[in-house]
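Architecture and fold: a report
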Amino acid sequence: MNNVEKKIYKLKPGYLVGFEDLLKKYAQFGGGADDAKYIHGRSFSNVYEFYMFAFFIGLHKNIAMDLSDDDSLKGFWEMENWKPKEMVDHLIACALARSDFDMLAVQESDENGVASEIRKLKRTIESYANGGLKYVSTQVESQPTEAEQDDFFIKMLV
Amino acid sequence: MIIESISMKDFQCYFGGHEQNTLNFSSGINLIVGDNGGGKSKLYDAFYWVLYDQIFNSDKREFVPTKNYQENLISDKAKNECPIGNQITTEVVLIVVDSRDTKYRVTRVYKSKKVDDRVWLGEESSRLLIEEYKVTRWQSVPGDKHSSILERVIPYHLKPYMWFQGEQVDSLMDFKNKSALMQAINLLSDISEYDDLITICKTGSDKSAKNYANAATQLSKNKTASNDLTAELQKIQKDIASRDQSKDHNSKAKNEAQFNIDRLINQIDDAQKKSQLKDETKVLTAKIDADRASLEEKLEGFNKNMFSDFWVLKNTQPVFDDFATKYQSYYRGHTKKVSMENAEVLKLPINIPQPIHVHEMLNDESCFICGREAKKGSTEYIHIENLLTRKKAETKDIFNNDCSSFFQKIYDNSLAFKHTITNIDKNVANEFSSVHSLRSSIQENAKKLKSIEEQFEELIGDDRSENIVHEFKTHTNNKDRYSQLLVGDEKELESLQKSAIQCQKRIDKLVMGSVDLKIESAKDIFSNLCQIAISARDEVFTALVQELELSANIIFQQMTSENTSITGRLKLKKLSHDSCLPEIVDSDGFIMAGSNDSNIILIKLSLIMAVVTSRAQWSKNYCLISDAPTSKMAKKYSRGFYKSLGENFRQSIVMTYDFVSEEDREELAELEVGTVHKIEAVYPGGDRENRADLYVTITEVAQ
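About the criteria used
- Residues numbered from 1 in each chain as written.
- Chains lettered and ligands numbered in written order.
- Predicted model: local features only at pLDDT ≥ 70, side-chain atom pairs only at ≥ 80, totals over all residues.
- Heavy atoms only, no water.
- Helix = DSSP H or I, 4+ residues; strand = E, 2+ residues; numbered from the N terminus.
- Buried < 20%, exposed > 50% of the residue type's maximum accessible area, 1.4 Å probe, protein only.
- Contact = heavy atoms within 4.5 Å.
- Areas by Shrake-Rupley, 256 points an atom, 1.4 Å probe, with all protein chains shown as cover.
- Core = buried A, V, L, I, M, F, W, Y, C linked by side-chain atoms within 4.5 Å.
- Buried area = accessible area lost by both parts, 1.4 Å probe.
- Salt bridge = Lys/Arg side-chain N within 4 Å of Asp/Glu carboxyl O.
- Polar contact = N/O pair within 3.5 Å; in protein donor to acceptor, adjacent residues only side chain to side chain.
- Nonpolar A, V, L, I, M, F, W, Y, C, P; charged D, E, K, R; others polar.
- Phe/Tyr/Trp six-rings, centres within 6.5 Å; stacked < 30°, edge-to-face > 60°.
- pLDDT = per-residue confidence, 0-100.
- Axes fitted to C-alpha atoms, helices over the stretch in contact; angles between N-to-C directions.
- Parallel < 35°, antiparallel > 145°, perpendicular 65-115°, else oblique.
- Left-handed = near helix turned anticlockwise from the far one by under 90°.
- Disulfide = S-S within 2.5 Å.

1. Some remarks on the overall build of chain A
Counting its regular elements, chain A contains 8 helices and 2 strands. Taken from the N to the C terminus, the helices and strands of chain A come in the order α-β-α-α-α-β-α-α-α-α. Expressed as a percentage of the 158 residues in chain A, the buried residues total 54%. Across chain A, contacts joining residues at least 24 apart in sequence account for 74% of those joining residues at least 6 apart. As presented, chain A carries roughly 7000 Å² of accessible surface, and 46% of it is formed by carbon and sulfur atoms.

2. Some words on the nonpolar core
By size, the foremost hydrophobic cluster in this structure holds 108 residues, and its most contacted members are Ile3(B), Phe47(B), Leu51(B) and Trp163(B). With 10 residues, helix α16 (residues 597-612) of chain B is the largest single contributor of residues to this core. Discounting chain neighbours no more than four positions away, the residues touching Ile3(B) are Phe25(B), Phe47(B), Leu94(B), Ile95(B), Val96(B), Trp163(B), Cys623(B), Ile625(B), Gln651(B) and Ile653(B). If you look at the next biggest cluster of nonpolar residues, it comprises 87 residues, including Phe19(A), Phe50(A), Leu59(A) and Ile452(B).

3. Let's talk about the interface of chain A and chain B
The partner chain B presents 42 residues to the 45 residues of chain A that form the contact. For the pairing of chain A and chain B, the buried interface totals around 4000 Å² over both sides, and the portion due to carbon and sulfur atoms is 67%. For the chain A face of the interface with chain B, the top three residues by lost area are His90(A), Met103(A) and Gln107(A), together amounting to 18%. Scanning the region where chain A abuts chain B turns up 3 salt bridges. Our count for the contact surface shared by chain A and chain B stands at 24 residue pairs in polar contact (both at pLDDT 80 or more). Elements that contribute at least two residues to the side of chain A that touches chain B include exactly α1 (3-9), α3 (34-39), α4 (47-60), α5 (85-98), α6 (105-108) and α8 (152-157) of chain A. With 10 residues, the top contributor of residues to the side of chain A that touches chain B is α5(A). Taken together, the residues of the side of chain A that touches chain B break down into 25 nonpolar, 8 polar and 12 charged.

4. Things to note about the pattern of salt bridges
Residues and elements named next belong to chain B. Enumeration according to the criterion identifies 32 salt bridges over all chains in this entry. Ionic pairing is found between Lys79 and Asp76, a salt bridge with its closest N-O pair at 3.4 Å. Placement of the pair is Lys79 and Asp76 together in helix α3 (residues 76-81), with a separation of 3 residues, close to one helical turn. The exposure class of Lys79 is buried, given its relative accessible area of 10%. Residue classification places Asp76 among the partly exposed residues on the basis of a relative accessible area of 30%. Note that Arg639 is salt-bridged to Glu667, the shortest N-O span being 3.5 Å. Residue Arg639 is found in helix α18 (residues 635-648), and its partner Glu667 is found in the loop between α19 (662-665) and β16 (673-682); the two are separated by 28 residues along the sequence. Arg639 sits in the partly exposed class, given a relative accessible area of 22%.

5. Quick look at the packing of aromatic side chains
Counted under the stated rule, the structure contains 41 aromatic pairs over all chains. Ring geometry for Tyr330(B) versus Phe407(B): centroids 4.9 Å apart, planes at 85 degrees, classification edge-to-face. Taken together, the residues span a long stretch of sequence, with Tyr330(B) in helix α10 (residues 317-341) and Phe407(B) in helix α13 (residues 404-458) at a distance of 77 residues. By the burial criterion, Tyr330(B) is buried, and Phe407(B) matches it. Three or more aromatic residues joined by ring pairs form one cluster here, namely Tyr9(A), Phe101(A), Phe320(B), Phe323(B), Tyr327(B), Tyr330(B), Tyr331(B), Phe406(B), Phe407(B) and Tyr411(B).

6. Points about the confidence of the model for chain A
Segments scoring low in pLDDT should not have their predicted coordinates read at a detailed level. All names here are of chain A. Confidence in the prediction for chain A averages 89 pLDDT; 92% of positions are at 70 or higher. When the elements of chain A are averaged for pLDDT, α3 gives the smallest value, 46, and α5 the largest, 96. Here residues 31-40 scores under 50 on pLDDT; set against residues more than four positions off or in separate chains, the count is 16 contacts.

7. Side note on the packing of helix α11 (residues 355-364) of chain B against helix α12 (residues 379-386) of chain B
Residue and element names in this part refer to chain B. Interhelical geometry of α11 versus α12 gives an angle of 160 degrees and a closest axis separation of 9 Å. Overall, the two elements α11 and α12 adopt an arrangement that is roughly antiparallel. Where α11 crosses over α12, the handedness of that crossing is left-handed. Across the interface between the two elements, Val358, Met361 and Leu362 from α11 touch Tyr381, Ile384 and Glu385 from α12. A breakdown of the residues in the contact of α11 with α12 according to their chemical character gives 5 nonpolar, no polar and 1 charged.

8. Thoughts on the packing of α5(A) against α10(B)
One way to put it is that α5(A) packs onto α10(B) with a least axis distance of 8 Å and a crossing angle of 70 degrees. Overall, the two elements α5(A) and α10(B) adopt an arrangement that is roughly perpendicular. In the crossing of α5(A) with α10(B), the sense of the turn from one axis to the other is left-handed. Judged by residue contacts, His90(A), Ala93(A), Cys94(A), Leu96(A), Ala97(A) and Arg98(A) of α5(A) engage Val319(B), Phe320(B), Asp322(B), Phe323(B) and Lys326(B) from α10(B). Partitioning the contact of α5(A) with α10(B) into residue classes produces 7 nonpolar, 1 polar and 3 charged.

9. A word on the environment of Met65(A)
Mapping Met65(A) onto the fold places it in the loop between α4 and β2 (73-75). Taking the C-alpha atoms as reference points, Met65(A) and Tyr128(A), 63 residues apart in sequence, are found 6.2 Å from one another.

10. A short note on the state of the cysteines
All names here are of chain B. For the coordinates displayed, the defined rule picks out 0 disulfides over all chains. The thiol of Cys201 is unpaired, and the distance to the nearest cysteine sulfur, on Cys530, comes to 5.5 Å. Assessed through its relative accessible area of 5%, Cys201 is described here as buried.

Rendered as structure tokens:
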């Protein structure tokens, strides 16, 4: 595993602190078996699941939140720990597609250059994921009853 | 004797002195009306306690003596108000008048001392005081005369029929139970003397038969053979007796089964329909439960499937296509750079095509890509052969961070998702369709369930359909089984009787000369006497049952005369020796349809009244006391009961919740009513659980 790959997997993309309640409401924080987590009535068994869902929804709805360095983002877990692995790689592929990440340049860059490219990737992930979270938040507010249903999230994909 | 009054002091819920808790009675029906929990049963207890020194323990469903009940006899309110160290007394006083107008005052007293809040030191037993009213004052009656006076208030043998609670009626008149019928028959007759006569005759018959057998053996030409045959005959007779018993038992069981079949046959149609509906309900409920579980699982699965089946990637194909373009561009740039570094342009990456395919091309002497011939040794052949000898470009020094493997992995991974992503739409649609089907199925089955519930409501009667169907099957099976057993009994009896006759003939053949005539005559006479006694007893018994049936029918007709919904007459159907079943039959003797619990209770009350109004006319001399006799009876039938009560009994005291309302009491005008007392439980604090706050008010009300 080369330096760039390592650094990408070590990324801890963040969410805006304002979405913390939303994440806590629908995703299980902490450990526990998957089945038990679903029984507790939460739609996502981990924060990273909700985060990936938000990313893909943001991508699908083309909602990229314009984030700046002043925004307070909270990271939660390195991407190398997210599951399923194939989905994480697909997320990276999508983020690479939508970012200005220079795949050729990064191979010849020094540490600073690599860091700069990786920042672009991270910002793209965060931008769509927080865009997705914003979309979910709006849906929850506008359809509180539907938001209690088990098919609430799947319907966003349809 | 006729009861003039009863009064209580601090007895059970009757808190306070005699002056507050007195009920005066007259001839005719004396009603004590009140709601449940109003003190009716405790009043019944008071009658029982003053005469029998026993009290009905409703928890144990049995009568217990005072020594086992002790301070529980005393009002909780009185006990609560009693200071520690003081003694408290409970009393019940009954004033009765005999046929010569002699008046007796029967008082039972029990005392207990309050030692602590909940600790009482009571007397071992109660004390009984009986006084006779002489001219101007009460005069004590000596103890040795007490029992005869008490026996005159209500004779002990009549007590079950004259003093009873509604719930005892069933067991009291359960004539399937041999002893219940015999108890009633014995009361009406001297039939037990016939039983004694049968016993005497049987003893004589056995003895004379034995004497005859001995005498015959003495005259035998082969005594050993005679002894053996006699022993064999005795064994056969023993078997006959045993088989007779078995036949009697099986006959009774078969008749009972038939009775139950007749009883249930009217209910079976509805029951079968209900049972079928219940089965359908069971199936539908199970289906709904299973569908709900599947639905829940599927709905919960929606969120799981987003990750396990990658549904979340549903719309990512266009983005991946963009990545593929970007990767293509990267790959070109990356490869170009590598080639330049190696001064060689590699059109195909190393090991593409894979060496195995290159070898196949060489063996086949043709290019699999362009299809041209490549004969061994030709330029084309060498060109293909060179593909195997290419050396991998040294790239590690070209880039600071060679990401080609990583990017290729990312590309390959996403490429592999192509098929999955294509199918997500179909899979999600299938899942939604499946959820929709489940919801429709649940809805449809719930609708069917509702329809079944409606059908249920249309089928009258209480909901015991499964029991009825099961019961019906059981009785039908029993009837078949006992019929078969009876056939077996009869065949065996026939065979045994033939054996007995043959055995007797063989014994007789061995006899040389004649047995003493006296011995032979004694045997025959006792045998005949035995038959006569048995048939005489049977005739008397049958006549008594018929008389009881006739008397009960007269009362049953009285009770039902104003109620057109009850027709038919009462029949005591003989089951077997000394047991009968009461049933209502039509004019052709067939059991009537729709005999419900109310009708059965009417029949049984008719029988009770028939017993006490029979030849001895006990109903004219004693008071009938009953607690809630109509409790198991539909309201419309109870009127007939009261009417019959007034017509047949000189005095009756009935505790009931009938006629509690003034509107109901208007009906009393047509009955022979003596007094009506209304009793009400009062809890001044409002807490009906607090018996320490309970007293009863007694009001004589206008009829």
